[in-house]
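Report on the structure
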Amino acid sequence: MLARFKAAAVHAAPVFLDRHATTEKAVAIMREAARAGAELIAFPETYVPAFPVWSALWAPIDNHDLFFRMAEQSVLADGPEVARICAEARALGITVSIGISERSPVSAGGMWNSNLLIGETGEVLVHHRKLVPTFYEKLIWSSGDGAGLKLADTRLGRIGCLICGENTNPLARYALMAQGEQVHVSSWPPMWPTRRPSGGGNFNNVAANRIRASAHCFEAKVFGIVTAGYMDAAMREVLVGRDPAIAEVIDQTPRAASFFVDPTGEVMADVLQDDEGIAYAEIDLNRCVEPKQFHDVVGYYNRFDIFDLSVNRTRLTPATFHDDAPAAEPTPRPADAAAGQGGDESSSKCRPRP
């Protein structure tokens, strides 16, 4: 029998651009969800320290102060905030998926949109950097690499995660399917403005996220955890306080939703959108088996003689350094050899008499 467990999708706001306070809030949420029986807890995209929605609201020449704060409050993958979350996962015996804005250790302004899958031992099992920042996210984050296109192999099952628009990338999704994914976490921002609401045609992120999550779960025959950020009054106040004219955009752009999807693509269990909280669902991986009879795209329902996918999972770095090898010490000559080849007088005098 495959695993059965309770999962939690966190639908919560960070403490806006405060990595320390947001980390403590994440720990409190983990404890609350664990008390409710959740063994897998998923947080939204870049929960620590926030999602940079301001990149959609103003031109980049007006956002230098917010970029500075984002860089300052982003976290190192091996920094104290991540260590705090890992320690709490170990203490609670839970598995955690959490989005972070990851700070580069070699660039004061370099950042990635990253997600960490942390096991119940407190170990980071998968460290994924978003392959391509979407639309105005390019003003904040660098492109990631394929090193994180892996699954966390846990007692709850094989868990994968893609961040926001990556769930539109069929090759990234297939890369996880091909490793035997059973639970798919998709993480999202609190809102996604693409047009001014007064003109119509704004991106409906609730419908789009549901379509993408359902498509992946139906194709992969997996359970989906959709976890979206939440804009609270404090975050809104900071943004509107900079420019009251953007209140219309913030207030009339659809808020994202957090929910669960079963292996047939149907939405199940709790759904949260307009209220901050934690959504829960009972996951039974045995329900992933029967749908594989219909379409198993990593099994019989494919043509591997026709299609061939190669995935480069090399972690990219700014440079590869080849340091010079230390100079070899000269090989000393034996005293006899030195003497026989015109060695110095002292060596001759030190030789024992025959």
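In the block above lies the structure referred to throughout.
The structure presented is a predicted model; accordingly, all values stated were derived computationally and were not measured.

Quick look at the overall build of the protein chain
On a plain count of helices and strands, the protein chain comes out with nine helices and twelve strands. Relative to the globule expectation of 20 Å for 354 residues, the C-alpha radius of gyration of the protein chain, 27 Å, shows a markedly less compact shape. Across its three principal directions, the C-alpha atoms of the protein chain cover 105 × 55 × 45 Å. Each of the 354 residues in the protein chain was classed as buried or not, and the buried ones make up 50%. Approximately 17,000 Å² of the protein chain is accessible, and the part contributed by carbon and sulfur atoms is 54%. In the protein chain, 34 positive and 43 negative side-chain charges are present, and the distance between their average locations comes to 3 Å.

A word on the sheet that holds strand β9 (residues 223–228)
Read from one edge to the other, the open sheet built from six strands follows the order β6-β7-β8-β9-β10-β11, with strand pairing classed as mixed. On the outer flanks of this sheet lie β6 (152–154) and β11 (267–272), each paired with one strand and no other. Averaged over all adjacent pairs, the angle separating strand axes in this sheet is 15 degrees, with direction ignored. Along the sheet face, helix α4 (residues 170–177) touches β7 (157–163) and β8 (183–188) and points at about 165 degrees away from the line of β7. The strands that helix α5 (residues 205–220) touches are β8, β9, β10 (258–261) and β11; relative to β10, the one it contacts most, it runs at about 25 degrees.

What to know about α4
In an α-helix, one full turn covers 3.6 residues, which means residues spaced three or four apart are oriented alike. Judged by how many residues are buried, α4 sits mostly within the fold: six of eight residues are covered. Turning to α4, its buried residues are Ala172, Arg173, Tyr174, Ala175, Leu176 and Met177. Lining the buried residues of α4 we find β7, β8 and α5. The opening residue of α4, the one whose side-chain oxygen lies 3.0 Å from the backbone nitrogen of Leu171, is Asn169.

Points about the pattern of salt bridges
All told, the structure shown has 18 salt bridges when counted by the stated rule. A salt bridge links Glu24 to Arg84, with the nearest nitrogen and oxygen atoms 3.0 Å apart. With Glu24 in helix α1 (residues 19–35) and Arg84 in helix α3 (residues 80–92), this residue pair connects regions lying 60 residues apart in the sequence. With a relative accessible area of 39%, Glu24 lands in the partly exposed category. On the basis of relative accessible area, Arg84 is assigned to the partly exposed category, the value being 29%. Ionic pairing is found between Lys25 and Glu276, a salt bridge with its closest N-O pair at 2.8 Å.

So, the side chain of Thr253
You can see Thr253 is positioned in the loop between α7 (247–252) and β10. Within the local environment of Thr253, its side chain forms a polar contact with the backbone oxygen of Val249, the two atoms lying 2.5 Å apart. With residues near it in sequence (within four places) discarded, Thr253 still touches Met191, Trp192, Pro193, Pro197 and Asn202.

Observations concerning a nonpolar patch on the surface
A grouping of Leu171, Leu309 and Val311 is seen on the molecular surface, where their side chains present a nonpolar patch of about 240 Å² in accessible area. Relative to the elements of secondary structure, Val311 occurs in the loop between β12 (277–284) and α8 (335–340).

Re the packing of α1 against α3
Look at α1 against α3: their axes get within 10 Å of each other, and the N-to-C directions meet at 10 degrees. One way to sum up the angle between α1 and α3 is to call them roughly parallel. Contacts between α1 and α3 involve Arg19, His20, Thr23, Glu24, Val27, Met30, Arg31 and Ala34 from the first element and Glu81, Arg84, Ile85, Glu88, Ala89 and Leu92 from the second. Of the residues belonging to the contact of α1 with α3, the class tally is six nonpolar, two polar and six charged.

Some thoughts on the sheet that holds strand β3 (residues 95–103)
In spatial order, the strands read β5-β4-β3-β2-β1-β12; together these six strands make up an open sheet with mixed pairing. Each end of this open sheet is capped by a strand with a single partner; those strands are β5 (124–129) and β12. With direction set aside, neighbouring strand axes in the sheet form an average angle of 25 degrees. As paired strands, β3 and strand β4 (residues 111–118) are joined by eight bridges and run antiparallel to one another. If you follow Ile100 over to β4, its bridge partner there is Ser114. Those strands touched by α1 are β1 (4–11), β2 (40–42), β3 and β12, and its axis lies near 45 degrees from that of β12.

Conventions adopted
- Residues numbered from 1 in each chain as written.
- Predicted model: local features only at pLDDT ≥ 70, side-chain atom pairs only at ≥ 80, totals over all residues.
- Heavy atoms only, no water.
- Helix = DSSP H or I, 4+ residues; strand = E, 2+ residues; numbered from the N terminus.
- Rg over C-alpha atoms; globule rule 2.2 N^0.38 Å.
- Buried < 20%, exposed > 50% of the residue type's maximum accessible area, 1.4 Å probe, protein only.
- Areas by Shrake-Rupley, 256 points an atom, 1.4 Å probe, with all protein chains shown as cover.
- Lys, Arg positive; Asp, Glu negative; His and termini not counted.
- Charge placed at Lys NZ, Arg CZ, Asp CG, Glu CD.
- Pairing = 2+ DSSP bridges.
- Axes fitted to C-alpha atoms, helices over the stretch in contact; angles between N-to-C directions.
- Contact = heavy atoms within 4.5 Å.
- Polar contact = N/O pair within 3.5 Å; in protein donor to acceptor, adjacent residues only side chain to side chain.
- Salt bridge = Lys/Arg side-chain N within 4 Å of Asp/Glu carboxyl O.
- Patch = residues over 30% accessible without salt bridge, like charges linked within 9 Å, V, L, I, M, F, W, Y side chains within 5 Å.
- Parallel < 35°, antiparallel > 145°, perpendicular 65-115°, else oblique.
- Nonpolar A, V, L, I, M, F, W, Y, C, P; charged D, E, K, R; others polar.

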